[in-house]
Amino acid sequence: QVQLVESGGGLVQAGGSLRLSCAASGRTFSTYAIGWFRQAPGKEREFVSAITWSGGSTYYADSVKGRFTISRDNAKNTAYLQMNSLKPEDTAVYYCAASLAVATRLSFLGEYHYWGQGTQVTVSS
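Residues numbered from 1 in each chain as written. Predicted model: local features only at pLDDT ≥ 70, side-chain atom pairs only at ≥ 80, totals over all residues. Heavy atoms only, no water.

1. A short note on the sheet that holds strand β8 (residues 78–83)
Put simply, the rule reads: Here, strands pair whenever DSSP counts at least two bridges between them. Per the convention used, a helix needs a DSSP run of H or I reaching at least four residues, while a strand needs a run of E reaching at least two, with both numbered from the N terminus. Lines are fitted to the C-alpha atoms to define the axes, a helix being fitted only along its stretch in contact, and any angle between axes, read from their N-to-C directions, falls within 0 to 180 degrees.
A sheet is described by the order of its strands in space; here 4 strands give the open sequence β1-β3-β8-β7, paired in antiparallel fashion. What marks the edges here is a single partner per strand, and that holds for β1 (3–7) and β7 (68–73). Averaged over all pairs of adjacent strands, the angle between their axes in this sheet comes to 15°, without regard to strand direction. Alignment of β1 against strand β3 (residues 18–25), held across 5 bridges, turns out to be antiparallel. Bridge assignment links L4 to a residue of β3, and that residue is A24.

Here's what the structure looks like:
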């Protein structure tokens, strides 16, 4: 089992940056792919980015491609989401999640087995 805790959210002006962290407990962190999802008020939770267990492959939603970077440090049991050039439409609660799915399924919410509690990101215009 994996427990996930997000941190790093906050209030930032448009054009600014934030780095989210996803700290995991358990010795099996390195066997899981990690995904980031977000949910804005009144909207469904949506895929943002994912990284395979080794860090060898990364995936991004079109809306964040070129602005966000996902990474992981298996020695520290932590994954990261560097968010640059933030826009007001990036405002949402951001969740990290762990999955054993194959890489081609990592954009699907239902493929994730464990979820963090979320961290709020607010981008002001």
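2. Focus on the pairing of β7
Quick reminder of the rule: Relative accessible area decides the class of each residue, using a 1.4 Å probe on protein chains only: under 20% of the type maximum gives buried, over 50% gives exposed, and in between gives partly exposed.
Going residue by residue along β7, you find F68, I70 and R72 tucked away on one face and T69, S71 and D73 left uncovered on the opposite face. Of the strand pairs in this sheet, β7 and β8 are connected by 6 bridges, and their pairing is antiparallel. Residue pairing for β8: F68 is matched across the bridge by M83. Between β7 and β8, which follow one another and run antiparallel, lie 4 residues, and N77 among them has a positive phi close to 55°.

3. Side note on the state of the cysteines
We count it as follows: By disulfide we mean two sulfur atoms from cysteines, separated by a distance within 2.5 Å.
A full pass over the atoms with the stated rule returns 1 disulfide. Between the sulfur of C22 and that of C96 lies a disulfide, 2.1 Å long from S to S. Judged by the torsion about the S-S bond (70°), the C22/C96 disulfide is right-handed. Taken together, the residues C22 in strand β3 and C96 in strand β9 (residues 92–99) connect sequence positions 74 residues apart. Here the two residues C22 and C96 agree in accessibility, since each one is buried.

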